[in-house]
Amino acid sequence: MRFELEVVVHGFIYGSAGVSFSILICNHGVCFSSRSLPTLQLISSAIRRCICSERLCRLSVLLQRSPASDPPLVRISISDTGHGSCIQEFQDLKCPVEGILAETWDGIVYVRTTKIADISDTEISCYQLNLKENVATRKPMWLPSNIKHDVKFSGTEVCLSVSESVDVLLAEINCFFHQILILKVPNIAMEVVADGQDTSGSRNDAVFLENLFSGSSFTASTLDRLKLGFEDYVLGHGSSSTCNSCFPNRDELKSGGGMVCEDKHKLTKLVVEAAVVISEISNPTKNCFGAGCSDTKVLFFKDFVPCTISEAFLKALTGIDWKRHGLTLECAINQRRHALLKWEKTPLSFHIHIVVHYYQKLVANATPLVQQTRLDKKLISKAVQLALEDFKNKHAGFLLSVDNLKISRFAPDLAKAIAGLVLYSNDMDFKRECLAILGLQPHQSEGEVVEETIKKKIISVIEKNDQRPQGIKEVACLLFRAGRQKLQDLDNECYMDDFDPMDL
Amino acid sequence: MEGNRGSLERIEVLRKITELTRSMIVELSNGSSKMIAIDRFKSYCTNSLENCCCRFNLSEGKDVLTLQRESHVRRLDVLLRVLLIIQQLLRENRHSSKRDMYYMHPSIFTDQSVVDRAINDICILLQCSRHNLNVVSVGNGLVMGWLRFSEAGRRFDCLKKPNSAQFIPVQVEEVTDIATAADYILVVEKESVFQRLANDRFCSRNRCIVITGRGYPDVPTRRFLRLLVDVLALPAFCLVDCDPYGFDILTTYRFGSMQMAYDAKNLRIPQLQWIGAFASDSEKYDLPEQCLIPLTSKDKRRTEALLQRCYLRREVPHWRLELDSMLQRGVKFEIEALSVHNISFLSDHYLPSKIESELTTGKLIGDYQSIHSTNMGLVWNGNGMS
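An unreviewed UniProt entry lists chain B under the name DNA topoisomerase (ATP-hydrolyzing), with Cucumis melo given as the organism. As recorded by UniProt, the Cofactor (unreviewed entry) comment attached to chain B reads in full: "Mg(2+)". Comment text from UniProt for chain B, heading Catalytic activity (unreviewed entry), reads "ATP-dependent breakage, passage and rejoining of double-stranded DNA."

Under an unreviewed UniProt entry, chain A has the name Type 2 DNA topoisomerase 6 subunit B-like isoform X1 and belongs to Cucumis melo.

And the structure:
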């Protein structure tokens, strides 16, 4: 039985005010080391073509098992209704075929495609390429073309056959699509269909990844979609359903986002978007992260597809002033599919999740180019910093800088002393006045109430200071007398070097 | 027993504490991180006289404590804890030593100097002296000679045994009924010299009051000396070791310390005359070379720093010349070195010759002698002469 579903996405508008989005084709973005490597690379290409088309598109991945063949093969078809492809895209595809992959795949891909950005051409080109061949000497073998029969459409289908378990392939592809969903690309409906009987005897009829977007998602910015998609991803630990033991309440998830752009060329600009999601740990001993584990996974997307972690990306992460956000980085580890940040002085009372999307954007109508994009470490660091700042501005009390964390630890003692000065005073008018300034009623003169109110005010001031850009300090006022002297901010301990025992 | 004046002062300080507290609460309620601003005082600078703008009683700027820096908040934490203790002392009209205060929060205060600094900050904020906060220190100074006085009803009669040491009272504001038959006050740096004079029965042979702060003088010693000088109008002389530390102690008596520059007006003794030991005394009194100790590099650095102090250039340039002479000679010596000739050389020859010289040639000598002539049985009862 073959079971197939499709999602129809309505009201697609991509870009605004004459600025169109497109993706420059990059052939080195995805390099999964798994057995599904070529499949995932080809799916990534299909996604880019869909995004470049700026139309509603469908992306289908069909896995068909051929038990009759020896050894048994799985035919994988990746088809999209994007803007078509050019031969260079596959000719230049770097696909290291080694190890077990060399034994399970012959390197041959069959391509059927329309021309790029030309839906009115009459032909569908067909050719085959051997991706095991060296890129420089790789030549297509042209096959007979198909006729479009006056139907206006564009798209590409790429097929390959591998000797692999459907379960293994499906697990990889499934994981990949769940990561893609983080971006919440609104113009692509995606489906994965498995057809045929597996060796275990079970039937994998269909695996469907649906796009749950509402109409408003089309008008939302890519950054907002990234935040929303990442929240969903975190809620389900990468699967489609929310983990109730970790997240009994979605409110426990808080997010912030940051974006930086850099005009690299006249036609394009480099965009880096970062989202930070923080989940409070409601049950420190019973959660999926493991007791006491506060490590942070950082996912990286490049040009709308998941990307393995490079050393440059790790350097960008280590270059961030984490202390400004109350975190002390112990080390950053490359886990290939994500970076793992280990914090000093863990466990934290919350989990931090970060995703970075690095892509190029066309700012004028132009044909997408084949171009490699080099990572700009400063832009990545800045985007993550902005996301952290945005988070702090939205969620007071979180990510206080290391300095302000230290300062806030004094709040209870300061509050206790100030409350004592008020409450132990014999001057009743003074007491009443202070309570009124604090917003308390005369009957609320219990020590704990006054102390707590003052503590909250102190914490609030510290949090406000933390949100203020660095370098901006308040100018202090004077007490008792008018300021005839120049105000001077105190810098650490003064006079201490002059201390003499004579004043004992 | 507290007089009316003391009670009014106490009420005024308590009022200022409420004012300070109110101001902090207002700042916090306005969302401001500014907590307090403390005037910064200094007793000297190292600028040239043309560029010096040191003036007693005027602050040189402010230390603004905010909630933006850990060092500020730490200082504020200590200050508020100490202020709370002081508020309680004043409310209950009790007294406490700085050491007692330290042991009330030893883990927070970490060191006695931290409490001392907080007390100084509070004095500046409340514009008062330390004793106004009911904070007292353990008495360290000694006095002997032709003097009689009372402290809080307790009578100190040095006249009966002028060569016996008495502790200088801690609550100097409680000192009344001062009576003297002395011609001058002699301040000596060290207890060993004080004891030498006591053994030599110096006060029996010389009508004087001898005081020592036993090294760097504490506040009660300086306040007591200041009281005696103000009330009795006697000339005051100071004898210190011929080394940079002795000289620094001398300047502390005369000009006040940097730490308590805010209260220098009450603690300094501008009339104090330096009578030795001078570098030139080593030749004048024929000290053998074995008694002269070479200045260490630290001594030299400290001496050079002392020479830069503005008040020396402005008020006592001749002191500066003597200090410079010590630096040029490259040697220092202790007062005890004078015993090389005779154990009582200090009492029998050195001091009498120095004091006589000052009394006969000093510019204030006429004034003091006229007071002296009618000074026998001079009594000060705390409100004025009688």
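Draft legend 1. Spotlight on the overall build of chain B. Helices and strands together make up the secondary structure of chain B, namely 16 helices and 16 strands. When the 386 residues of chain B are sorted by exposure, 46% land in the buried category. Counting only contacts in chain B whose residues sit at least 6 apart along the sequence, the fraction spanning at least 24 positions is 73%.

Draft legend 2. Geometry of the overall build of chain A. Within chain A one finds eleven helices and 15 strands. In chain A, buried positions account for 39% of the 504 residues. Counting only contacts in chain A whose residues sit at least 6 apart along the sequence, the fraction spanning at least 24 positions is 74%.

Draft legend 3. Just the nonpolar core, in detail. All names here are of chain A. Counting residues in each nonpolar core, the largest one holds 90 residues, and the members touching the most others are Ile47, Ala274, Val276, Val355, Val356 and Ala383. No fewer than three residues from each of domain 1 (37–218) and domain 2 (222–399) sit in this core. Sequence-distant contacts of Val356, that is, excluding residues within four places in its chain, are made with Val272, Ala274, Val298, Phe300, Ile380, Ala383 and Val384.

Draft legend 4. Just the confidence of the model for chain B, in detail. With 92% of its residues at a pLDDT of 70 or more, chain B has an overall mean of 89. Both scores are given for the predicted complex: the pTM is 0.70, the ipTM 0.82.

Draft legend 5. Broad picture of the packing of helix α1 (residues 37–53) of chain A against helix α4 (residues 166–180) of chain A. Residues and elements named next belong to chain A. Two elements in contact, α1 and α4, have axes separated by 11 Å at closest approach and are oriented at 35°. Between α1 and α4 lies a crossing of right-handed hand. Touching Thr39, Leu40, Ile43 and Ile47 of α1 are Leu169, Glu172, Ile173, Phe176 and Ile180, all from α4. When the residues that make up the contact of α1 with α4 are grouped by side-chain class, the tally is seven nonpolar, one polar and one charged.

Draft legend 6. Quick peek at the environment of Thr114(A). All names here are of chain A. Looking at where Thr114 falls in the secondary structure, it is placed in the loop between β3 (108–113) and β4 (123–130). Thr114 sits in the buried class, given 25 other C-beta atoms within 10 Å. Taking the C-alpha atoms as reference points, Thr114 and Ser154, separated by 40 residues in sequence, lie 5.4 Å from one another.

Draft legend 7. A look at the sheet that holds strand β13 (residues 273–276) of chain B. Residue and element names in this part refer to chain B. Taken in spatial order, the six strands of this open sheet run β8-β5-β11-β10-β12-β13, and their pairing is mixed. The sheet is open, and its two borders are formed by β8 (166–167) and β13, each paired with just one other strand. Looking at chain direction, strand β5 (residues 142–145) and strand β11 (residues 208–212) are connected through four bridges and run antiparallel. Residue pairing in the sheet places Gly145 in a bridge with Ile209 of β11. Each of β5, β10 (184–188), β11 and β12 (236–239) is contacted by helix α6 (residues 191–199), which is oriented at about 150° to β11, the strand it contacts most.

Draft legend 8. Seen up close, unusual backbone geometry. Residues and elements named next belong to chain B. A cis amide bond links Gly276 to the next residue, Ala277, at an omega of 0°. The residue Asn93 is not glycine, and still its phi comes out positive at about 50°. Relative to the elements of secondary structure, Asn93 occurs in the loop between α2 (70–92) and β3 (96–97). A positive phi is found at Asp286, a non-glycine position, where the angle reads about 55°. Here Asp286 lies in the loop between α11 (281–284) and β14 (293–294). Classification of Asp286 as exposed rests on a count of 9 C-beta atoms within 10 Å.

Draft legend 9. Structural detail: the environment of Leu250(B). Residues and elements named next belong to chain B. Looking at the element boundaries, Leu250 is found in helix α9 (residues 244–255). Residues Leu250 and Val187, spaced 63 residues apart in sequence, show a C-alpha to C-alpha distance of 9.3 Å. Residues in contact with Leu250, not counting those within four places in the same chain, are Cys238, Val240 and Trp274.

Draft legend 10. Expanded view of the confidence of the model for chain A. Residues and elements named next belong to chain A. With 72% of its residues at a pLDDT of 70 or more, chain A has an overall mean of 76. Across chain A, helix α9 (residues 411–423) holds the top mean pLDDT of 96, while strand β8 (residues 206–207) sits lowest at 54. Ignoring residues within four places in sequence, the model shows residues 1–33, a span with pLDDT below 50, making 94 contacts including any to other chains.

Draft legend 11. Representation of helix α6 (residues 311–318) of chain A. Residues and elements named next belong to chain A. If you check which residues of α6 are buried, you get Phe313, Ala316 and Leu317. Summarising the axial view, the buried residues of α6 lie within an arc of 100°, below the 170-degree limit, and thus occupy one face. Exposed positions of α6 whose direction lies more than 90 degrees from the buried face are Glu311 and Ala312. Its buried side turned inward, α6 meets β11 (296–302), β13 (329–334), β14 (339–343) and α7 (377–394).

Draft legend 12. Representation of the pairing of strand β2 (residues 73–80) of chain A. Residue and element names in this part refer to chain A. In this sheet, β2 lies alongside strand β1 (residues 57–66) in antiparallel orientation, the contact comprising eight bridges. If you follow Leu59 over to β2, its bridge partner there is Asp80. Hairpin connection between β1 and β2: a loop of six residues separates the two successive antiparallel strands. Sheet topology places β2 next to strand β6 (residues 156–162); seven bridges connect them, and they run antiparallel. Considered in β6, the bridge of Arg75 is made with Ser161.

Draft legend 13. Layout of helix α5 (residues 112–126) of chain B. Residue and element names in this part refer to chain B. The end-to-end C-alpha distance of α5, which contains 15 residues, comes to 21 Å, matching closely the 21 Å that a straight helix rising 1.5 Å per residue would cover. Within α5, twelve of the 15 residues are buried, leaving the element largely enclosed by the surrounding structure. One or two positions beyond α5, positive phi appears at Gln127, with a value near 50°.

Draft legend 14. Up close: the packing of α2(B) against α5(B). All names here are of chain B. One way to put it is that α2 packs onto α5 with a least axis distance of 9 Å and a crossing angle of 70°. With respect to α5, the element α2 is oriented roughly perpendicular. The segment α2 lies against α5, with Val78, Leu79, Val82, Leu83 and Ile86 engaging Val114, Val115, Ala118, Ile119, Asp121 and Ile122. Residue classes in the contact of α2 with α5 are distributed as ten nonpolar, no polar and one charged.

Conventions adopted
- Residues numbered from 1 in each chain as written.
- Chains lettered and ligands numbered in written order.
- Predicted model: local features only at pLDDT ≥ 70, side-chain atom pairs only at ≥ 80, totals over all residues.
- UniProt positions renumbered as here; feature names shortened; annotations may be inferred.
- Helix = DSSP H or I, 4+ residues; strand = E, 2+ residues; numbered from the N terminus.
- Buried ≥ 20, exposed ≤ 12 C-beta atoms within 10 Å, placed from the backbone.
- Contact = placed C-beta atoms within 7 Å.
- Core = buried A, V, L, I, M, F, W, Y, C linked by C-beta atoms within 7 Å.
- Domains from an automatic or database assignment.
- pLDDT = per-residue confidence, 0-100.
- Axes fitted to C-alpha atoms, helices over the stretch in contact; angles between N-to-C directions.
- Left-handed = near helix turned anticlockwise from the far one by under 90°.
- Nonpolar A, V, L, I, M, F, W, Y, C, P; charged D, E, K, R; others polar.
- Pairing = 2+ DSSP bridges.
- Arc of directions from axis to C-beta.
- Expected span 1.5 Å × (residues − 1).
- Parallel < 35°, antiparallel > 145°, perpendicular 65-115°, else oblique.

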